[in-house]
Amino acid sequence: MRLTFKGGILYMALSLFSLTLVSCVEEPTIPPVIDAFSEARIVNVSSNVSQMKVTIDGKVLHSTLNVLKSGSASEYFDIHPGKRVFEIFDSTNTSIYKKTIEIISFDRTTIVFDGFYSPDELVSTFAYLEVADGLVYVSQAPKSGNAHLFFVNAAATLDTLEAMSYGLQLSFVATGDTARVDTVLTTALAFEGTKSAGNVVPGNYQVIVTGGTTYTDTLDLGNLTAGNKYYMFFYGKPNDLSVFNNSVVPPPIRSRDLL
């Protein structure tokens, strides 16, 4: 009787332990995996690649990447984060550049291809730089009634002309009974650097650009409209700049839970 009683207790204990294990296994202990995504766009401000096609991991992810002329930008497109292989083809569909670029989850980024392309690697300065636009789930819109303004120095070394830093003097040009010019921002802009003049009032602007003691130019930026983001890409010859004035409507906020 004593052995039978002990055996019964042992059986009940094992049964309860087994039920506990089963109930633990059935509990959802791993949170669901979110399918991460990012957004990117491409800008062509090369000195001599007049037209490019861009593939990413061998695919054209957006129609605007098929023909991207110098001084132009693609639309934003979705891209999976991680190390992605970007390949550039010229107007003859010849591959001229290939680079692995890491895309960060939930980032919105502008990838800029600049410089002078040559098949001679000792001469070529063709490369890329990134301009961080923020996170896809955070608004990048300017304050109500204002505009955002960014300057990007993409004027790479060309022949014997070395890339340089520039001094910028941004001014608001008021018109009316008495025209006046009000300085808004004075700053330096290094090669492949970005400077922001956020939340400026809409209207006409100009910027005086100086490079050392040899280069000075006054560039008309036109009329900035409230609600937009403006990117001023300096490119071409470092001592004779071209400017790509790129107006962008800030993309909407997106949820991280949905692709």
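Residues numbered from 1 in each chain as written. Predicted model: local features only at pLDDT ≥ 70, side-chain atom pairs only at ≥ 80, totals over all residues. Heavy atoms only, no water.

Observations concerning the overall build of the chain
Logical step 1: Tallying secondary structure elements over the chain gives one helix and 17 strands in all.
Logical step 2: Within the chain, buried positions represent 37% of all 259 residues.
Logical step 3: The contacts of the chain with a sequence gap of at least 6 include a subset with a gap of at least 24, amounting to 61%. (Helix = DSSP H or I, 4+ residues; strand = E, 2+ residues; numbered from the N terminus. Buried < 20%, exposed > 50% of the residue type's maximum accessible area, 1.4 Å probe, protein only. Contact = heavy atoms within 4.5 Å.)

Notes on the nonpolar core
Logical step 1: The biggest cluster of nonpolar side chains holds 23 residues, and the ones touching the most others in it are Leu-149, Phe-151 and Val-209.
Logical step 2: Among the secondary structure elements, those contributing two or more residues to this core are β10 (147-153), β11 (166-174), β13 (194-200), β14 (203-211), β15 (215-224) and β16 (229-237).
Logical step 3: If you tally residues by element for this core, the top one is β11, at five residues.
Logical step 4: The contacts of Val-209, once residues within four sequence positions are left out, are Tyr-166, Gly-167, Leu-168, Tyr-215, Thr-216, Asp-217, Leu-219, Phe-234 and Leu-241. (Core = buried A, V, L, I, M, F, W, Y, C linked by side-chain atoms within 4.5 Å.)

So, the pairing of strand β8 (residues 107-115)
Consecutive residues of a regular strand have side chains that alternate between opposite faces of the sheet.
Logical step 1: Counting buried residues in β8 gives eight out of nine residues, a clear majority hidden from the surface.
Logical step 2: As defined by bridge partners, strand β1 (residues 38-46) adjoins β8 across eight bridges and the pair is classed as parallel. Paired with Val-45 across the two strands is Asp-114, which belongs to β8.
Logical step 3: Here eight bridges tie β8 to strand β9 (residues 127-135), and the two strands are oriented antiparallel to one another. Bridge pairing in β9 links Thr-110 to Val-131. (Pairing = 2+ DSSP bridges.)

A closer look at the pattern of salt bridges
Logical step 1: Per the counting criterion, the structure on display carries four salt bridges.
Logical step 2: Linking Glu-39 and Arg-108 is a salt bridge whose minimum nitrogen-to-oxygen distance equals 2.8 Å. In this pair, Glu-39 is assigned in strand β1 and Arg-108 in strand β8, connecting sequence segments 69 residues apart. For the pair Glu-39 and Arg-108, one class covers both residues: buried.
Logical step 3: Between Glu-39 and Arg-254 there is a salt bridge; the shortest N-O distance is 2.7 Å. Linking Glu-39 in strand β1 with Arg-254 in the segment after β17 (240-248), this pair joins segments that are 215 residues apart in sequence.
Logical step 4: One continuous salt-bridge network, built from bridges that share partners, spans Glu-39, Asp-78, Arg-108 and Arg-254. (Salt bridge = Lys/Arg side-chain N within 4 Å of Asp/Glu carboxyl O.)

Re the sheet that holds β13
Logical step 1: In space, the four strands of this open sheet follow the order β13-β10-β16-β17, with mixed pairing throughout. The open sheet has two free edges, formed respectively by β13 and β17, since each of these has just one partner strand. Averaged over all pairs of adjacent strands, the angle between strand axes in this sheet comes to 20°, irrespective of strand direction.
Logical step 2: Inspection of the sheet shows β10 paired to β16 by six bridges, in the parallel sense. When the bridges of β16 are listed, Val-152 appears paired with Phe-233. (Axes fitted to C-alpha atoms, helices over the stretch in contact; angles between N-to-C directions.)

A look at the sheet that holds strand β7 (residues 95-103)
Logical step 1: If you walk across this open sheet you meet the four strands as β3-β2-β6-β7, and the pairing is antiparallel. Unpaired on one side and paired on the other, β3 (68-69) and β7 mark the two borders of the sheet.
Logical step 2: As defined by bridge partners, strand β2 (residues 51-56) adjoins β3 across two bridges and the pair is classed as antiparallel. Bridging across to β3, Gln-51 finds its partner in Lys-69.

A few points about the packing of aromatic side chains
Logical step 1: For the coordinates displayed, the defined rule picks out 13 aromatic pairs.
Logical step 2: Ring geometry for Tyr-97 and Phe-126: centres 5.1 Å apart, planes at 70°, overall edge-to-face. Taken together, the positions of Tyr-97 in strand β7 and Phe-126 in the loop between β8 and β9 put the pair 29 residues apart, joining distant regions of the chain.
Logical step 3: Since its relative accessible area comes to 14%, Tyr-97 is described here as buried.
Logical step 4: On the accessibility criterion, Phe-126 (6% relative accessible area) is buried.
Logical step 5: Between the aromatic rings of Tyr-231 and Phe-233, the centroid separation amounts to 6.0 Å while the plane-to-plane angle is 10°, which identifies the pairing as stacked.
Logical step 6: According to the relative accessible area criterion, Tyr-231 is buried, its value standing at 1%.
Logical step 7: Among the aromatic side chains, those forming a connected cluster through ring pairs are Tyr-97, Phe-113, Tyr-117, Phe-126 and Tyr-128.
Logical step 8: For the cation-ring pair, Arg-108 lies above Tyr-76, with the distance from its terminal atom to the ring centre recorded as 6.0 Å. (Phe/Tyr/Trp six-rings, centres within 6.5 Å; stacked < 30°, edge-to-face > 60°. Lys NZ or Arg CZ within 6 Å of the ring centre and 35° of its normal.)

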